[in-house]
Amino acid sequence: MLPIQLTIEGLYSYQERQTIDFTSLTEVGLFGIFGNVGSGKSSILEAITFALYGNSDRLGKSDFAYNMMNLKSNKLFIEFEFLNHENKHYKITREYKRNSKNFEKITNSGVVLYELIDNNWMPQESSDVEPILGLSSENFRRTIIIPQGKFQDFIQLKPTERTHMMKDIFNLHRYDLQDKVAALNSKNTTNLNLLQGKLSGFEEVSEEIIKTHQDKLSSENEIAVKLQQEVNQINENFQRLKRLKDDFERLKQKKVEFEKLNHQKEIVQQKKVQLDLYERIYHQFHQKLFDLKKVKKELEINSTEKEQQQKELVALTNQLENISTKISTIKPYFDELTTKQKEENDLELIIQIFDYQKNINDNKVRTQNGLERVEEVKAEVKAIDDQIKLVENEIKYLAKNRINSSNLIDAGNWFSQQKNIQETATQQQQKIENLEQKIIQLLSTFKVEGEHISEEDYLVNLNDLEKNKTVLEQQKTHIQVQEQLAHYAHNLHDGEACPLCGALEHPSKIELENISDKALLIENELKVLNDKINLLKNIFSEKKFIDDQLKVEKESAIHYKNLLEEHFKKFIWKEFDAHNFDDFETKRNNTISLEKSLEEKNSSIQKSRENLETARQKVERFSKELERIRVEEIQKETQIQQNKNNLKVLDFNDFTTKNVEEIQQELIVLKQKNSSTEKEYNALNEELNKINPLLSVQKKSIEINEKNKIDLEAQEKSLKENIHLLLNEQQIQSIEKVEEILALKLNISEIRKEVEQFTIQFETLKNVIIELESKTENTSFDEDAFQLEQQKLIEAEQKYKSANELVIQLKSEIDRLTKSFEEKKELLINLQEIQQRADNLKIMQNLFYKAGFVQYVSSIYLKQLCENANVRFHRMTRNQLSLQINENNDFEIIDYLNEGKSRSVKTLSGGQSFQVSLSLALALAESVQADAKSEKSFFFIDEGFGTQDLDAVNIVFETLLSLQKENRIVGIISHVEELKERIPMALSVTKDEEKGSIIEVSS
C-alpha cells in the first residue's frame, strides 16, 4: 500500500480541514511527522486506519464516532487516496455528522470506495478493503502502519496467535489441507464402499458359466435353423393358395363395381349433352347480352345526369342575376370613394393639428418651471465649489507636516528585520549555552576515585584503561594455556603418545595449582574494565557530536552578529533614531493619524466634486431639455401650417367649434363606411367572375350529355339486331330461352372433368374383368384346403418363434455375462487403486492433523524473518545481539557478550526492544511487499526513538536511510528534534487554540 493523499476534518484536534499530499513525501523515501506531545501526530495514522477499516484501535467499537469527532465541529470527514500492491488507484471516504438537536448523537453519512478508471472515480459495490490490500486491520497495524503501543505486538504474541497472524499475512491457509484431505478421504471411502457394493453383484459371473451358456446356444441354434427351413416350405404353398383366393375374390368385386357404373352411364351421357348445349349458348350470347345490359344502364345514368345539370344551370343563372342587382345598388357610392378617402385624410390632418396645439401649450408650462429649476441648481453649484476650495486649503496645510510614506514603510521594515535578527541571535546564544551545559553535565558523569577529572585527563585515563585491558587479556590467555596444559598432563599415561611432543614416556609431568579462581577474577576485572572503556567511548562519542553542533551554532552566532552590524549600516533615515524604536513608533502612529485625516478630507473633496459634477450635469441636462422643448414648439407650429395647407376637401375653420373626440368619431364612421363599401364591391365582382365560367362549363356539359345519349341509343339498337340474328341461326324461339339456359351457370371444366373420369373408370374396370376371367378360366379354389394350409403355417411359425426366442435369450445372457465379467475385472483394478489411495490419504491425514503442516511452514517463515531481521538488528547492537526461533516457535536473543548463550526477549532493555521490533517490522513489511510483488514497500513508525542513545539513534537513522536504496519508503512520527533536523522532508503538526491542529510541510 502506498499513500497518495489524506484529507481530515473534525477528527480529534483537527477542527479545520487539512490535506496531506504524500506524493512529495514518498518520493524522498524517508520522511517524518513532527510536533509536540498532543499536537495530533498519531491521529494522522489513526485517520488512515479508520478510513480503510472503519474501526478505532484505541476507542473500540462503541461510541467511537462521538469520541473521535472534534467537540467544536459538526462533521467528521476523512478521505484517503492510495495505491495497492497491484498499482491500482483507490479512494475511500467516510463522513459522520452531528445531530443539530442532540449534541451527543452522531449520524453515519456513509462510506464509499472508489477506483480510478480512465481518469473517472468509479464507485465500488463493496467498501471492504481487506481483499484489495490483502491485510486485516490488525495485521495492517502490525506490518504497514504501526501506532503507539503496537510496535512490539509481533514479538510479544503467543506462538498460536503469531501462527494465525502469519497465516493471514502470508496466506498460509493454502497449506492448511486438513479439511481438503478429510474431504478427499471421505469421498474415497464412499467410492470404496460403492465399489465393494458393485462387486457384490458380480459374485456369480465367471468364465465357466459363460462357456456353459455358449454350448447351449450352439445346440439351440441348430434346432432353430431346421424349424426355419420347414416354415419356408409351408409358407411357399400357402402363398400360392392365397394368391389364387385373392384373384377369385377380386373378380367378384370388380363385376359388382362394373354393374354399378353401367347404371350411371345414361345419367353421365345426359350431363354431357346438357354441357355441350350450355357451352355453345354461352359462347354465342353471353358477351352480347352483357353489353346490352351495360348500354341500358348507361342510358339511365345519362338521363339522371341531364336532369341534375339542368337544375344546376337554373341555380347559377338566378345567383348571377342577384349579384348584378347588388352591384348596381352600391356602385354610385363606390364611384365617389376617392373623394371620401380624401376626406378621411383631411380629418386625420385636422386631428394632428389639435394634438400639436395641445403639445405647444403643455411645453410652455414646462419651460417656465425648467427655468426656475436651473437657477436653483446654479446656486447649489456655487456653494459646493466654495466648500471644495476651503477643504483644499486645509489639506495643503496638513501635507506640510506629513512624513514621506515610503520612508516610513522602509524604516518600519528595517526595524522589523533588526528585531528578527536580534531575536535569532539571542536564541542562537541560548543554544550555545545549552550545548555547553550539556557538555559540562556529560563530563560530570565520569569520576575517578570519587573525584571529577578534567577533559584532558579523559584520554590519559582511557589509555591507562586500554593498557590494563591488554595486560589482563594477556594474563587470561596465559591462564587458559596453563589450564589446557594441566588438562593434557592429567590425561597422560605411560605408553601413550603425548599429543604435544609424541613421547611415550612422561617422567616429569607439569603440576599446577588450581587457577580457576584466578581466571574467574581476571574475567570479572576484564568485564568491569570493558564497561569503563565503553562508557568512556560513549561519552567521547556524544561529546564529539555535541562539539560539532556547538561549532556550527557558534559560527551561526557570529554570522548573526555580523549580520546585525551590517544591518545598522543600512539605516539612512535622518528623521528617525536607529536605537530608539519607541520614537519611531510614535512618529509612525502620528503619521498614520495624519494620513487618516488627509484620507478623510480627500474623500470629502472627492464626494463634493462628485456632487458638483452631478449639479453641473443637471444644469446642462435642464438647459438641453429647455432648448429641445423650444425647438419642438417651432416644429409643431410649422407642422400645423403644413397640415392646413395639405387639406384637399375639408376646411379647418369648419371644425374650430368642435372638439377632438367628435372629429375622431366622425373619422371612425367615415373609415368604416369607406372600407365596408370597397370590400363589398370587390367581393361581389370576385363572386361574379367565379360564376360566369361555371355557367359556361355547365352549358357545355349539357351539350356533351345529349351527344352521349345519341351514341348509346345507336349501340343499343345494333346489339338487339345482332342477338335476333343469332336466335334465328341457333333456332331458338326467344331470348328468354337463352337466358334460361345461361341461368344454369354450369361449371364447364368441372363437369367435363367428371364425364372424362367416368369414361376412363368404366373402360379400365371392363379391361380388368376381362383379364381376371382369362387368368381364372381353367382353375378352381378350395377354401378348406386353404384353411388347412394356413393352420399348418401358424403352427410351424410358433415353433420357430419359440426356438428363436430361446436363442436370442441365450445370446443376450452371454453378452450380459461377458460385459459383466469385463466390468468386474475393471472394478477389481479400481478397487486396488482406491485401497492404495486410502492408505496414502491416511498418511496425509496424519501429516496435516491439527494444522501441523501450517505450523511447520509458519516456523520456516519465522526463521526467514529472523535471518532478514538479524541483518539490521546485528548492526544496530554493534554485533552484540541476534534473534532466533526456539523449538516452541518463541523468539529468543543470542547474547555474544555472554558466550553466545540464549535468553528471553523480555530481558531486553527498552531501547533494545525498539531495535529488535524495528528490525522485525522492517523484515516483515519487506516479506509482505515481496509476497504481494509490489514495486515499492511502505512502512510507518509511531514510537521508540526517545528510548535510544545518540549512537543508537545514528545507527537506526543510517538503517532507515539505507532503505531508500532498496526502494523502501519509511515514515516516522516523533517529537525528537534531533531527528527532524536530519530528515530530508517532514510534516510539522502544530496545535492552535482556535483553529485546532494545523499541518505544514517543511524540508
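What counts and how
- Residues numbered from 1 in each chain as written.
- Predicted model: local features only at pLDDT ≥ 70, side-chain atom pairs only at ≥ 80, totals over all residues.
- Heavy atoms only, no water.
- Helix = DSSP H or I, 4+ residues; strand = E, 2+ residues; numbered from the N terminus.
- Contact = heavy atoms within 4.5 Å.
- Areas by Shrake-Rupley, 256 points an atom, 1.4 Å probe, with all protein chains shown as cover.
- Pairing = 2+ DSSP bridges.
- Axes fitted to C-alpha atoms, helices over the stretch in contact; angles between N-to-C directions.
- Parallel < 35°, antiparallel > 145°, perpendicular 65-115°, else oblique.
- Left-handed = near helix turned anticlockwise from the far one by under 90°.
- Nonpolar A, V, L, I, M, F, W, Y, C, P; charged D, E, K, R; others polar.
- Phe/Tyr/Trp six-rings, centres within 6.5 Å; stacked < 30°, edge-to-face > 60°.
- Buried < 20%, exposed > 50% of the residue type's maximum accessible area, 1.4 Å probe, protein only.
- Core = buried A, V, L, I, M, F, W, Y, C linked by side-chain atoms within 4.5 Å.
- pLDDT = per-residue confidence, 0-100.
- Patch = residues over 30% accessible without salt bridge, like charges linked within 9 Å, V, L, I, M, F, W, Y side chains within 5 Å.
- Salt bridge = Lys/Arg side-chain N within 4 Å of Asp/Glu carboxyl O.
- Lys, Arg positive; Asp, Glu negative; His and termini not counted.
- Charge placed at Lys NZ, Arg CZ, Asp CG, Glu CD.
- Arc of directions from axis to C-beta.

- The name given to the protein in an unreviewed UniProt entry is Exonuclease SbcC, and the organism recorded there is Chishuiella changwenlii.

**A word on the overall build of the protein**
- Along the protein, the regular secondary structure elements total 22 helices and 17 strands.
- Sequence separation of at least 24 residues holds for 76% of the intrachain contacts in the protein that already meet a minimum separation of 6.
- Put simply, the protein shows about 63,300 Å² of open surface, and 48% of that area lies on carbon and sulfur atoms.

**Quick word on the pairing of strand S16 (residues 985-992)**
- Note that strand S3 (residues 30-35) and S16 share 5 bridges and pair parallel. Note that in S16 the partner of Gly 35 across the bridge is Val 989.
- Note that S16 and strand S17 (residues 996-1002) share 7 bridges and pair antiparallel. Within the sheet, the bridge partner assigned to Thr 990 lies in S17 and is Ile 998.
- Linking two consecutive strands that pair antiparallel, namely S16 and S17, is a turn of 3 residues.

**Regarding the sheet that holds strand S2 (residues 18-21)**
- In space, the 6 strands of this open sheet follow the order S2-S1-S4-S5-S6-S7, with antiparallel pairing throughout. What marks the edges here is a single partner per strand, and that holds for S2 and strand S7 (120-123). Averaged over all pairs of adjacent strands, the angle between strand axes in this sheet comes to 20°, irrespective of strand direction.
- When strand S4 (residues 75-83) meets strand S5 (residues 89-98), the two strands line up antiparallel, connected through 9 bridges. From the neighbouring strand, Ile 78 faces S5, where its bridge partner is Arg 94.

**Some words on the sheet that holds strand S11 (residues 881-885)**
- Sheet architecture is open: 3 strands sit in the order S11-S12-S13, paired in antiparallel fashion. The open sheet has two free edges, formed respectively by S11 and strand S13 (901-904), since each of these has just one partner strand. Looking at each pair of strands side by side, their axes are set apart by 40° on average, direction ignored.
- Two strands pair when backbone bridges link them, and strand S12 (residues 891-895) and S13 are joined in this way by 4 bridges, in the antiparallel orientation. For Ile 894, the partnering residue across the bridge sits in S13 and is Ser 902.
- Here helix H19 (residues 852-876) sits on the sheet in contact with S11 and S12, set at roughly 175° to S11.

**Observations regarding the packing of helix H9 (residues 207-335) against helix H17 (residues 748-775)**
- Their axes nearest at 8 Å, the elements H9 and H17 cross at an angle of 150°. By the criterion of interaxial angle, the relationship of H9 to H17 is roughly antiparallel. Classified by chirality, the crossing of H17 by H9 is left-handed.
- A per-class count over the contact of H9 with H17 returns 15 nonpolar, 3 polar and 15 charged.

**Side note on the packing of aromatic side chains**
- Taken as a whole and judged by the stated rule, the model has 13 aromatic pairs.
- Their ring planes at 85° and their centres at 5.6 Å tell us that Phe 31 and Phe 940 sit as a pair that is edge-to-face. Of this pair, Phe 31 sits in strand S3 while Phe 940 sits in strand S14 (residues 937-941); the two residues are 909 residues apart in sequence, bridging distant segments of the chain.
- Overall, the relative accessible area of 0% leaves Phe 31 in the buried class.
- On the basis of relative accessibility, which here comes to 0%, the residue Phe 940 falls in the buried class.
- Ring centres 5.2 Å apart and planes at 80° place the aromatic pair Phe 571 and Trp 573 in the edge-to-face group.

**Observations regarding the environment of Lys 775**
- Examined against the element boundaries, Lys 775 turns out to sit in helix H17.
- Counting along the chain gives 531 residues from Lys 775 to Leu 244, while the straight-line C-alpha distance between them is 9.8 Å.

**A few points about the side chain of Ser 43**
- On the secondary structure map, Ser 43 appears in helix H2 (residues 41-53).
- With residues up to four places along the chain from it excluded, the contact list for Ser 43 reads Leu 11, Tyr 12, Tyr 14 and Arg 58.

**Section: the nonpolar core**
- Leu 6 and Leu 52 are the most contacted members of the largest nonpolar core, which has 50 residues in total.
- By residue number, the principal contributor to this core is H2, which donates 8 residues.
- Membership of the second largest hydrophobic core comes to 26 residues, among which are Leu 172, Val 854, Phe 873 and Phe 891.

**Describing the confidence of the model for the protein**
- This prediction gives the protein a mean pLDDT of 79; 89% of its residues lie at or above 70.
- Across residues 448-452, where pLDDT falls below 50, the model places 5 contacts with residues more than four positions away in sequence or in other chains.

**Topic: the environment of Ile 794**
- You can see Ile 794 is positioned in helix H18 (residues 783-847).
- Using a relative accessible area of 45% as the deciding quantity, one classes Ile 794 as partly exposed.

**A short note on the packing of H9 against H18**
- Across the interface, H9 lies against H18 with an axial gap of 7 Å and an inter-helix angle of 155°. What the angle tells us is that H9 and H18 run roughly antiparallel. The two elements H9 and H18 meet at a crossing, and its hand is left-handed.
- In terms of residue class, the contact of H9 with H18 is made up of 21 nonpolar, 8 polar and 12 charged.

**Some remarks on a negative patch on the surface**
- Residues Glu 16, Asp 992, Glu 993 and Glu 994 make up a contiguous surface patch of negative charge.
- In this structure, Glu 16 sits in the loop between strand S1 (2-9) and S2.

**Some details on unusual backbone geometry**
- Residues other than glycine seldom take positive phi values, yet Asp 118 does so here, at roughly 55°.
- You can see Asp 118 is positioned in the loop between strand S6 (106-117) and S7.
- Looking at Asp 118, the relative accessible area reads 69%, which means it is exposed.
- Look at Asn 119: it is not a glycine, yet its phi comes out positive at around 65°.
- By the element assignment, Asn 119 lies in the loop between S6 and S7.

**Here we look at the pattern of salt bridges**
- Applying the stated criterion across every chain yields a total of 23 salt bridges.
- Across the pair Lys 211 and Asp 215 runs a salt bridge whose closest N-O atoms are separated by 3.2 Å. In this pair, Lys 211 and Asp 215 both sit in helix H9, 4 residues apart, roughly one turn of the helix.
- Asp 215 gets classed as partly exposed once you look at its relative accessible area, which sits at 45%.
- Here Glu 625 makes a salt bridge to Arg 366, at a shortest N to O gap of 2.9 Å. With a gap of 259 residues between them, Glu 625 in helix H14 (residues 581-645) and Arg 366 in helix H10 (residues 337-400) connect regions that are remote in the sequence.
- Assessed through its relative accessible area of 28%, Glu 625 is described here as partly exposed.

**A word on the side chain of Asn 363**
- Counting through the fold element by element, Asn 363 comes out in helix H10.
- Sequence-distant contacts of Asn 363, that is, excluding residues within four places in its chain, are made with Ile 629 and Glu 632.

**Overview of helix H16 (residues 735-742)**
- Residues of H16 that are buried include every one of Val 738, Ile 741 and Leu 742, and no others. Down the axis of H16, the buried side of the element spans an arc of 95°, and every buried residue falls inside it. Opposite the buried face of H16, by more than 90 degrees, sit the exposed residues Glu 736 and Glu 740.
- Of the surrounding elements, those touching the buried residues of H16 are H9 and helix H15 (660-729).

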